Amino acid sequence: MSDVHLDIQQVDKIYGSGDAAVHAVKGLSMAVRKGEITSLLGSSGCGKTSTLRMIAGFESVSKGIIKLAGRELNNLAPVKRNVAMAFEGYSLYPPLTINDNIAFALKASKLNTKEIASKVSEVAEMLEITDILGRYPSSVSGGQQQRASLGRALVRDADLHLLDEPMGQLEPQLRALLRGRIKHYIKENGLTAILVTHDQAEANALSDRIAVMEGGYLQQFESPQKLKDHPANLFTGTFVGEPPMNVFEASVERDSNSVRFELDNDVCLTYDAADFSTNVIQAALSLKHVVIGVRPYAIKRTSNGIKASVVANHWLGDQSHIAATLAGQSVILVEHDRAPDKSGDEIYIKLDPDNIHLFDRESGAAISHGAELAQ
Amino acid sequence: MEYQSKLETVLRGIALLLVVVFFMFPIFWIFLMSLQTNETILRVPPSINFEPTLSNYRALITGKLETSAASLEINFLRNLWNSVFLSVASVALALLLGVPAAYAFARHKFKGSEDIAFTLLSFRFAPPLLVLLPLSLYFQKMGLADTYLGLIWVYQLICLPLILWIVRGYFEDISPDIEYAYRVAGHSWFSTFRKIALPLAGPGIAAAGLLAFIFAWNNFIFALVLASADKQPVTVGALAFITASGIQYGQIAAAIVMSIAPTLALALYAQKYLVEGLSLGAVKG
């Protein structure tokens, strides 16, 4: 790819040595294009912040190469990398006002005072911190400090903007409002940004592509939609999406014109063989044991479906989350109408073949999405 | 502000008064003693009715100690100057060496860093006398005995570990991310140390410096063994008040008042700075 801006090649990060060594990032390779917003999404300890700190230069790269705008970063001091960063812990300079904190990084640039002031006020307005510009970090709230820290990073004209959990301390309403504004600002100014977050909604709303990480490995690097529709493995499938994907272990059988998935407790899902491509059926049969994944909103009710008993039913104001037991396992349904079911009620559901994801039970790799084989 | 009843305010006032009296009374009594002659000091029972005299201060400043038996030469002002010079120079050197070292120990975990830091602290474990006798032999061989340089060097045993360990803690409390933020904004590590770490640790450095100054000022044994009369500080010089014709309590009291003054002035000055530094902003979080 010619338009690769940030190129991470086979990067490892190992903290400590010997028995105490912690292998935080393992063989990470990813290429980010100029002007793209990328999220590193994963639970705590998945290696996302280590990756960010290696790019910024606060941690050394144990193995591999990181290139930014054609320059190899590995041995460059942070000062020479031309990256801007917003820190999870804000890290504002206590002796400076919020205004000076944001303007600070611009003072080293060639902008004159007037240009600096206008840039600062633009960012402050976007982040709704105009009224606290004259105050000191110690006298404003955590959420305000976090926005100031974000502003300090965004205001800079850098090759890459690294945003480490930039909205973790904000209340949900403000977060939802700022997501749109920040995305607009980044795109408008042609910035390239990497966002570290464990908040899926944030990653989905802001990113062009999301890199899902777990256990130091990159699990999948795709657009939010593709991640949802074509999870590369069981981890991505269950990690991305809220509420999470329902999964059932099953063994696969085939008759002359039907495919059967045998679940626990003698529950059986039977489909027309024509519902799946022959490749999918062959792949599933060759493994014998598979994991079936189905998104909560893709489970439908039908009078002649399989029986599940309701455990709980929550109305969230715009959708119902119904927890039920199917084949001895928990299953969650999402419906957009208010469902009347109570705990103990029986419901009948079906899993459409189009909405079924099959995974290898041993490796977790995706076999198929709907009727088609996974790539 | 919390609501307080009248009774609480009064009780709090009384408690504060008791604490102040408890701590200030000895100093107040010494001040009174410094304005009396030996005879009125040694009256039984003691009384605060006396004719104030400045003769004790006069004796210290002129260097002539008049006892009932004879007139002695003392060199108190010289001692006082030695105390000021030795303490200031020792603390300055210890800050110069200790603060960068503390930063290094706080920020960079290298092989053996803990061992080195602990070794520096362990200088304070050994009984001074045990170290001093062999040291005085070495100093004589090296020509360092009875020199300011030699004394300042030995005073590092007191000042350096203190500054190193206190300031290190302050540096560790500063979030490294504040320094990282400054560094990605286009600054070298050295300017980060100067512009971010040093000012933020300022109150800690001031506190450590003040403590080290007090310890250096109060030191007795090093100068007693390693220095002769014209290099000795007030702590050793005070021995001159124990004369053949008795202990000169009045002059001792006056000497105490005069030798407290510089430390007190420094403490008052540094206190203002400490409060200022702390109110500049919380460092954590």
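Residues numbered from 1 in each chain as written. Chains lettered and ligands numbered in written order. Predicted model: local features only at pLDDT ≥ 70, side-chain atom pairs only at ≥ 80, totals over all residues.

*Asks:* Lay out the packing of helix α5 (residues 113–122) of chain B against helix α7 (residues 148–173) of chain B in plain terms, naming residues and giving numbers.
*Replies:* All names here are of chain B. Contact geometry for α5 and α7: axes closest at 8 Å, N-to-C directions at 135°. By the angle class used here, α5 and α7 are oblique. For the pair α5 and α7, the sense of crossing is left-handed. Here Ala 117, Leu 120 and Leu 121 of α5 lie close against α7, whose contacting residues are Leu 160, Pro 161, Leu 164 and Trp 165. By residue class, the composition of the contact of α5 with α7 is seven nonpolar, no polar and no charged. (Axes fitted to C-alpha atoms, helices over the stretch in contact; angles between N-to-C directions. Helix = DSSP H or I, 4+ residues; strand = E, 2+ residues; numbered from the N terminus. Parallel < 35°, antiparallel > 145°, perpendicular 65-115°, else oblique. Left-handed = near helix turned anticlockwise from the far one by under 90°. Contact = placed C-beta atoms within 7 Å. Nonpolar A, V, L, I, M, F, W, Y, C, P; charged D, E, K, R; others polar.)

*Asks:* Please provide a residue-by-residue account of the interface of chain A and chain B, values included.
*Replies:* Listed by partner, the interface residues are 19 residues for chain A and 19 residues for chain B. Secondary-structure elements contributing two or more residues to the side of chain A that touches chain B are β6 (83–86) and α2 (98–107) of chain A. The leading source of residues in the side of chain A that touches chain B is β6 of chain A, at three residues. Class assignment of the residues belonging to the side of chain A that touches chain B gives a composition of 16 nonpolar, three polar and no charged.

*Asks:* Describe in detail the sheet that holds strand β3 (residues 37–41) of chain A, supporting the description with residues and values.
*Replies:* Residue and element names in this part refer to chain A. Read across the open sheet, the six strands follow the order β6-β7-β8-β3-β9-β10; overall the sheet is mixed. Every interior strand has two partners, whereas the edge strands, β6 and β10 (217–222), have only one. With direction set aside, neighbouring strand axes in the sheet form an average angle of 15°. Relative to strand β8 (residues 193–197), β3 runs parallel, the two being bridged by five bridges. (Pairing = 2+ DSSP bridges.)

*Asks:* If you had to explain the pairing of strand β19 (residues 357–360) of chain A to someone new, which residues and values would you point to?
*Replies:* Residues and elements named next belong to chain A. Where strand β14 (residues 289–294) meets β19, four bridges bridge the pair, whose relative direction is antiparallel. Counterpart to Ile 292 in the pairing with β19 is Leu 358. In this sheet, strand β20 (residues 366–369) lies alongside β19 in antiparallel orientation, the contact comprising three bridges. Its bridge partner lying in β20, Leu 358 is registered against Ser 368. In sequence, β19 turns back onto β20 through a hairpin of five residues, with Gly 364 there showing a positive phi of about 85°.

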